[in-house]
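Listed here are the chains, written in short residue letters.
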Amino acid sequence: GENGVDGRAVRVGTRRSQLARIQTDSVVTMLRELYPDLRFEIVAMSTTGDKILDTALSKIGEKSLFTKELENALERNEVDLVVHSLKDLPTSLPPGFTIGAVCKRENPLDAVVFHPKNCGKTLSLLPEKSVIGTSSLRRAAQLKKKFPHLEFRDIRGNLNTRLKKLDEKEDFSAIVLAAAGLKRMGWENRIGQLLGPEDCLYAVGQGALAVEVRAKDQEILNMVSALHDADTVLCCIAERAFMKRLEGGCSVPVAVNTLLKDGQLYLTGAVYSLDGSDSLKETMQTGVTYPHQNEDGPNDDVQHVGITAKNVPGQAQEAAENLGVELASLLLSKGAKHILSVARQLNDA
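Just so we're clear, the structure is a prediction, and the values are computed from it rather than from any experiment.

## Some details on the overall build of the protein
A tally of regular secondary structure across the protein gives eleven helices and 13 strands. Across the 349 residues that make up the protein, the buried fraction comes to 54%. Across the protein, contacts joining residues at least 24 apart in sequence account for 73% of those joining residues at least 6 apart. Of the roughly 15200 Å² of accessible surface on the protein, 48% is carried by carbon and sulfur atoms.

## A look at the sheet that holds strand 13 (residues 279-287)
The strands making up a sheet associate through hydrogen bonds between their backbones, and the pairing can be parallel or antiparallel. Spatially, three strands are ordered 11-12-13 in an open sheet, and the strand pairing comes out antiparallel. Single-partner strands in this sheet number two, and they are strand 11 (254-261) and strand 13. Neighbouring strand axes in the sheet, compared pairwise and without regard to direction, differ in orientation by 15° on average. Where strand 11 and strand 12 (residues 264-272) come together, eight bridges link them in antiparallel fashion. Its bridge partner being in strand 12, L260 is matched across the sheet by L265. In this fold helix 9 (residues 230-246) packs onto strand 11 and strand 12, with an angle of close to 150° to the strand it touches most, strand 11.

## Here we look at the pattern of salt bridges
Counted under the stated rule, the structure contains 14 salt bridges. Of the charged contacts in the structure, one is a salt bridge between K117 and E170, with a shortest N-O distance of 2.8 Å. Linking K117 in the loop between strand 5 (110-114) and strand 6 (131-133) with E170 in the loop between helix 6 (159-168) and strand 8 (174-178), this pair joins segments that are 53 residues apart in sequence. A relative accessible area of 56% means that E170 is categorised as exposed. With a shortest N-O distance of 3.8 Å, E168 and K164 are connected by a salt bridge. With a gap of four residues between them, E168 and K164 both fall in helix 6, about one helical turn apart. Linked by salt bridges that have partners in common, R11, D80, R214 and D217 make up one network.

## Focus: the pairing of strand 2 (residues 39-45)
Put simply, side chains in a regular strand alternate between the two faces of the sheet. Here seven bridges tie strand 1 (residues 9-15) to strand 2, and the two strands are oriented parallel to one another. Residue R15 lies in a different strand from strand 2, and its bridge partner there is M45. A crossover links strand 1 with its parallel partner strand 2, the connecting element being helix 1 (residues 18-34), and its sense is right-handed.

## What to know about helix 9
The end-to-end C-alpha distance of helix 9, which contains 17 residues, comes to 25 Å, matching closely the 24 Å that a straight helix rising 1.5 Å per residue would cover. Two residues or fewer after helix 9 comes E247, characterised by a positive phi angle close to 55°.

## Topic: the sheet that holds strand 1
The strand order 2-1-3-10-4 describes an open sheet built from five strands, whose pairing is mixed. Edge positions in the sheet fall to strand 2 and strand 4 (97-102), since each has one partner strand and no second. Geometrically, the sheet is characterised by an average inter-axis angle of 30° between neighbouring strands, direction not taken into account. With two bridges joining them, strand 1 and strand 3 (residues 81-85) adopt parallel strand pairing. Within strand 3, the residue paired with V12 across the bridge is L81.

## Some details on the side chain of E239
Mapped onto the elements of the fold, E239 is located in helix 9. Leaving out residues up to four positions away in the same chain, E239 has contacts with R105, Y202, A203, V204, G205, V256, T258 and L267.

## Details of helix 10 (residues 314-333)
Look at helix 10: 28 Å from first C-alpha to last across 20 residues, which is about the 28 Å you get at 1.5 Å a residue. The set of residues buried in helix 10 consists of G314, A316, Q317, A319, A320, L323, G324, L327, A328 and L331. In this fold, the buried residues of helix 10 make contact with helix 9, strand 12, strand 13 and helix 11 (336-348). Within two residues after helix 10, G335 carries a phi angle of roughly 110°, on the positive side.

## Section: the nonpolar core
The biggest cluster of nonpolar side chains holds 52 residues, and the ones touching the most others in it are L86, I99, F242, L246, V254 and V271. Secondary structure elements with two or more residues in this core: helix 4 (68-75), strand 4, helix 9, strand 11, strand 12, helix 10 and helix 11. In terms of residue count, the dominant contributor to this core is helix 9 (ten residues). Excluding its chain neighbours within four sequence positions, the residues that come into contact with L86 are I99, V102, G205, A208, L209, A210, C236 and R240.

## What about the environment of Y290?
Counting through the fold element by element, Y290 comes out in the loop between strand 13 and helix 10. Using a relative accessible area of 33% as the deciding quantity, one classes Y290 as partly exposed. Separated by 23 residues in sequence, Y290 and P313 have C-alpha atoms that sit 6.3 Å apart.

## Looking at the environment of R153
Within the element layout of this structure, R153 appears in strand 7 (residues 151-153). The spacing of R153 and G133 is 20 residues in sequence and 5.0 Å in space, taken between C-alpha atoms. With sequence-adjacent residues up to four places away left out, R153 is seen in contact with V131, I132, G133, T134, D171 and F172.

Rules behind the numbers
Residues numbered from 1 in each chain as written. Predicted model: local features only at pLDDT ≥ 70, side-chain atom pairs only at ≥ 80, totals over all residues. Heavy atoms only, no water. Helix = DSSP H or I, 4+ residues; strand = E, 2+ residues; numbered from the N terminus. Buried < 20%, exposed > 50% of the residue type's maximum accessible area, 1.4 Å probe, protein only. Contact = heavy atoms within 4.5 Å. Areas by Shrake-Rupley, 256 points an atom, 1.4 Å probe, with all protein chains shown as cover. Pairing = 2+ DSSP bridges. Axes fitted to C-alpha atoms, helices over the stretch in contact; angles between N-to-C directions. Salt bridge = Lys/Arg side-chain N within 4 Å of Asp/Glu carboxyl O. Right-handed = clockwise from strand over helix to strand, strands pointing away. Expected span 1.5 Å × (residues − 1). Core = buried A, V, L, I, M, F, W, Y, C linked by side-chain atoms within 4.5 Å.

Here it is in structure tokens:
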């Protein structure tokens, strides 16, 4: 075909977990519909994050826990593209890689799954000292502040493992997970409470799938770029730019909420101390309605926080990136650096 990839299979890398496989399958299904003449092969592998299950994610201190092995395979030409949860991808990708597609975002909110005995309750109705499981500093910081009567404890493992731990033991009254993952697994019926922005801002990129490719592989890049969802791209560029300017990672509580409405992109961003007692939160907006210009020539592969989106107007992407940077700068001017460095030190300790 015109992508120059006919006659050979396009190899798609994925993590082995059930959710990762479901996410990868959904991307491959879209690609097969777009390119019926191409063959797609799925290559599954385990990552460091899948193997180290006895340590809190925030303590392992490795930014690319769930992505490094996949990127190594991409670098060695063993696969042509890799499907990730966008929130697992650091804001600076290793040289030579780019996010060639950001698919339409699933619900980005966090969800509470309750132990069967607490069915029908909400977090505010749980008894004093009930234990809530979450491996996310961001979720814990926000919810400790909002629900001071609850206790928060680390829970690790893939979705299946975490739900099993919840259901089969009495250790946890509830656990907090991304609604998107539960929905993709077909477990939407387990969601007891969706946490809106007033309760819990979500993680950067949460709910969106990213397709990572070799930046120089024009054929594959052109092929996957058809999967870009423009609104999701702009929201996620703003979120990633915000995080990057703050130098946040999974070892500090940084959270966002984005809304794209009538050509205006609204970004709310916040930083928290580990116990949620100290926080800064602001909202800014920018216009993102720009005509699409044919940007041929040397500019056609401009990356915005690791994303290459040729089919989204460049000026709109720039506006989104600037919005994230400006919002982060505003928080930094109000003392965000101190909150984050204390959180980082406490977490490392």
